[in-house]
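Fold and geometry: a report
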Amino acid sequence: MHDAPTQAAEPSLAAGSEGKEPLSAGLKQRHLTMLGLGGVIGAGLFVGSGAGIAVAGPGIVLSYLIAGALAMLVMRMLGEMSAAMPASGAFSVHAERALGRWAGFSVGWLYWFLLVVVLAVEATGAAQIANGWVPAVPQWGWVLLFMIVFTVANLAAVKNFGEFEFWFATLKVTAIVLFLALSLLAVFGVLPDTAPVGLANLTGQGGFLPHGWGGVISGVLAVVFAFGGLEVVTIAAAESDDPARAVGRAVRSAVWRILLFYVGSMLVIVTLLPWSSMEPGKSPYVAVLDSIGVPGAGQIMNIVVFVALLSALNANLYGSSRMVFSLAERGEAPRALLKVSGSGSPRSSEAESGGGVPRRAVLASVAFGFVSVLLNLKWPDSVFLYMLNAVGAVLLFVWGLIAVSQLRLRPRIERETPGKLTLRMWAFPYLTWAALLAMGGVLVLMLTDEAARPQLLWSAGATGLVLLVAGARELRDRRARR
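Basis of the calculations
Residues numbered from 1 in each chain as written. Predicted model: local features only at pLDDT ≥ 70, side-chain atom pairs only at ≥ 80, totals over all residues. Heavy atoms only, no water. Helix = DSSP H or I, 4+ residues; strand = E, 2+ residues; numbered from the N terminus. Rg over C-alpha atoms; globule rule 2.2 N^0.38 Å. Buried < 20%, exposed > 50% of the residue type's maximum accessible area, 1.4 Å probe, protein only. Contact = heavy atoms within 4.5 Å. Areas by Shrake-Rupley, 256 points an atom, 1.4 Å probe, with all protein chains shown as cover. Lys, Arg positive; Asp, Glu negative; His and termini not counted. Charge placed at Lys NZ, Arg CZ, Asp CG, Glu CD. Patch = residues over 30% accessible without salt bridge, like charges linked within 9 Å, V, L, I, M, F, W, Y side chains within 5 Å. Salt bridge = Lys/Arg side-chain N within 4 Å of Asp/Glu carboxyl O. Axes fitted to C-alpha atoms, helices over the stretch in contact; angles between N-to-C directions. Parallel < 35°, antiparallel > 145°, perpendicular 65-115°, else oblique. Nonpolar A, V, L, I, M, F, W, Y, C, P; charged D, E, K, R; others polar. Core = buried A, V, L, I, M, F, W, Y, C linked by side-chain atoms within 4.5 Å. Polar contact = N/O pair within 3.5 Å; in protein donor to acceptor, adjacent residues only side chain to side chain. Phe/Tyr/Trp six-rings, centres within 6.5 Å; stacked < 30°, edge-to-face > 60°. Lys NZ or Arg CZ within 6 Å of the ring centre and 35° of its normal.

The secondary structure content of the protein amounts to 21 helices and 0 strands. Here the C-alpha radius of gyration of the protein, 22 Å, is about what a compact globule of 482 residues would show, namely 23 Å. Summarising its shape, the C-alpha atoms of the protein cover approximately 75 × 50 × 45 Å along the three principal directions. Counting the 482 residues in the protein, one finds 55% classified as buried. Considering only contacts within the protein whose residues lie at least 6 apart along the sequence, 81% involve residues at least 24 apart. Roughly 19100 Å² of accessible area belongs to the protein as shown, and the carbon and sulfur atoms make up 67% of that amount. Computing the positive centroid from 34 side-chain charges and the negative centroid from 27, the protein places the two 6 Å apart.

This part is about a nonpolar patch on the surface. Taken together, Trp140, Leu144, Ile148, Val152 and Leu377 make up a surface patch of nonpolar side chains, about 470 Å² in accessible area. The dominant element in the nonpolar patch, judged by the number of residues it contributes, is helix 8 (residues 139-155), at 4 residues. By secondary structure assignment, the location of Trp140 is in helix 8. Judged by relative accessible area, which is 56%, Trp140 ranks as exposed.

Turning next to the pattern of salt bridges. Summed over the entire model, instances satisfying the criterion amount to 12 salt bridges. Two residues, Glu80 and Arg410, come together in a salt bridge whose shortest N-O distance is 2.7 Å. Placement of Glu80 in helix 5 (residues 60-84) and of Arg410 in helix 19 (residues 394-416) is noted, with a sequence separation of 330 residues between them. For the pair Glu80 and Arg410, one class covers both residues: buried. Note that Asp477 and Arg101 form a salt bridge whose closest N and O atoms lie 2.6 Å from each other. Remark: Arg101 occurs in helix 7 (residues 101-133) and Asp477 occurs in helix 21 (residues 453-481); sequence separation between them is 376 residues. Note on Arg101: relative accessible area 2%, which makes it buried. Overlapping salt bridges bring together Arg101, Glu332, Arg473, Arg476 and Asp477 as one network.

A word on the packing of helix 4 (residues 49-56) against helix 11 (residues 212-223). Close contact between helix 4 and helix 11 brings their axes to 8 Å; oriented N to C, the two are set at 170°. By the angle between their axes, helix 4 is roughly antiparallel relative to helix 11. Seen from helix 4, the contacting residues are Gly52, Val55 and Ala56; seen from helix 11, they are Gly215, Val216, Ser218, Gly219, Ala222 and Val223. Partitioning the contact of helix 4 with helix 11 into residue classes produces 5 nonpolar, 4 polar and no charged.

Attention shifts here to the nonpolar core. Among the nonpolar cores identified, the biggest contains 158 residues, and Phe91 and Trp399 are the most heavily contacted of them. The contact partners of Phe91, leaving out residues within four places of it in the chain, are Leu78, Val107, Tyr111, Glu231, Ile235, Met323, Val398 and Ile402.

Inspection of helix 14 (residues 284-291) places Pro284, Tyr285, Val286, Val288 and Leu289 among the buried residues, and these make up the whole buried set. For helix 14, the N-terminal capping position is held by Ser283, with its side-chain oxygen 3.2 Å away from the main-chain nitrogen of Tyr285. Looking one or two residues beyond helix 14, the residue adopting positive phi is Gly293, at roughly 85°.

Scanning the model with the defined rule gives 18 aromatic pairs in all. Their ring planes at 50° and their centres at 5.6 Å tell us that Tyr64 and Tyr262 sit as a pair that is tilted. Taken together, the residues Tyr64 in helix 5 and Tyr262 in helix 13 (residues 243-272) connect sequence positions 198 residues apart. Judged by relative accessible area, Tyr64 falls into the buried class, the value being 0%. Feature note: the residues Trp109, Trp112, Phe113 and Phe368 constitute an aromatic cluster, connected by ring pairs. One Lys or Arg, Arg30, reaches over the ring of Phe166 and ends 4.7 Å from the middle of that ring.

Let us now look at unusual backbone geometry. With the exception of glycine, the majority of residues adopt a negative phi angle, and the majority of peptide bonds are in the trans configuration. For the bond from Phe428 to Pro429, the omega torsion is 0°, close enough to zero to count as cis. Along the chain, Pro429 turns up in the loop between helix 19 and helix 20 (430-448). The phi torsion at Gln205 lies on the positive side, around 55°, for a residue other than glycine. Here Gln205 lies in the loop between helix 10 (200-203) and helix 11. With relative accessibility at 45%, the residue Gln205 sits in the partly exposed group.

This paragraph deals with the environment of Arg30. Looking at the secondary structure, you find Arg30 in helix 2 (residues 29-38). A relative accessible area of 37% means that Arg30 is categorised as partly exposed. In the structure, Arg30 is positioned 220 residues away from Ala250 in sequence and 8.7 Å away in space, judged by C-alpha atoms. The contact partners of Arg30, leaving out residues within four places of it in the chain, are Glu163 and Phe166.

With that out of the way, let us pick up the packing of helix 4 against helix 5. Running from N to C, helix 4 and helix 5 point in directions that differ by 120°, and their axes come no closer than 9 Å. With respect to helix 5, the element helix 4 is oriented oblique. Two secondary-structure elements touch here, helix 4 through Ser49, Gly52, Ile53 and Ala56 and helix 5 through Ile60, Ser63 and Tyr64. Split by residue class, the contact of helix 4 with helix 5 holds 4 nonpolar, 3 polar and no charged.

Worth remembering: the numbers are spatial, not functional.
Here is the structure:
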């Protein structure tokens, strides 16, 4: 257990950023680039976007622009800090350096809890799809299979995780690119049996903003959480050969392409089909593919969503294990989790030998993940629902601490190690403050929205509990030092 940071200890940014992680360096640039691209492309886009279209109409394009811009700003802030000070705990480490132990402890444990709870949703969703294909295998059997496969993959060399995510992300990105290409051909009437659609669906059915700007704002609330997952690339960067360079390149290549995929998809969807025909819970991508005559559109998207869920499950297991390992490194989690496989072997060979993997941290994360899955299967509308609500708004709290940390650390980095600012936040500090205000606005919207309010209140309760524990630990340590 280490002492709380003091003013005298502050000038340690250079040393901290130079420290070598005991983890392996098995991730390549292509792994991180595709992780950055594919990390946010999931079921929330392929299926959940239907709910956003239902409340915003064609204005969903603006909703995605606003939510995507906020996610891009957060990613840029996180990229700046991670390039200057790469660490397996990423924003948890940054929060500790910027605000103190309580902040690193709080954001680290909240994010770990978020990942292992959402992991259950992804495992269950993938199992439901697989059970539809092979009904002879019960849903729980598929869940068990997925959890075992990805646990084994994460216990082996980190390059296995990188390869899984590379090919998962490649499939998702390819699916969206093909979808955009086919949709654009249909918009211009190039495909067989199609005619140019013009602007009828954008201007009819109540116009571009059928529910006014209120609908656009409701759309933001419906889609902003679909951008969660960007953070994992900065955690993974610590296990690459050149973390600072790798995270910078991954962030630069990801942010604008993500906006293109999300906003471009929504634009062609509401151009091709009347927004009023969209149904929450049903994929608008399937509706578009059906309308342009793609055979087996439903099954094609089922495969894509299935891959997206498995990809998210894999990434969340990886991210949660590295976060709890980082907490243990800083004395904020049991030190038994610090055991790393193959310790003592040369770092260059660890990626090949399976060394440098925090196996106890992986097992601890997957154990809680198994518990979450069992709760989801047994009590989806009671116990697990409360857990899911408890993490519903945690992502915004994490993003908020990222922004506050960047506000505090940027001047220190400029003063102490300016050469490490290889990736800079745009228009600092104005856009950082703008992002913080936007997050506050989303929280206010959640408070006024009847459906989202329980998530906010439960998440606030979970956050308050973690902060209380963090405060009690700080008080105990201060008393011990007297």
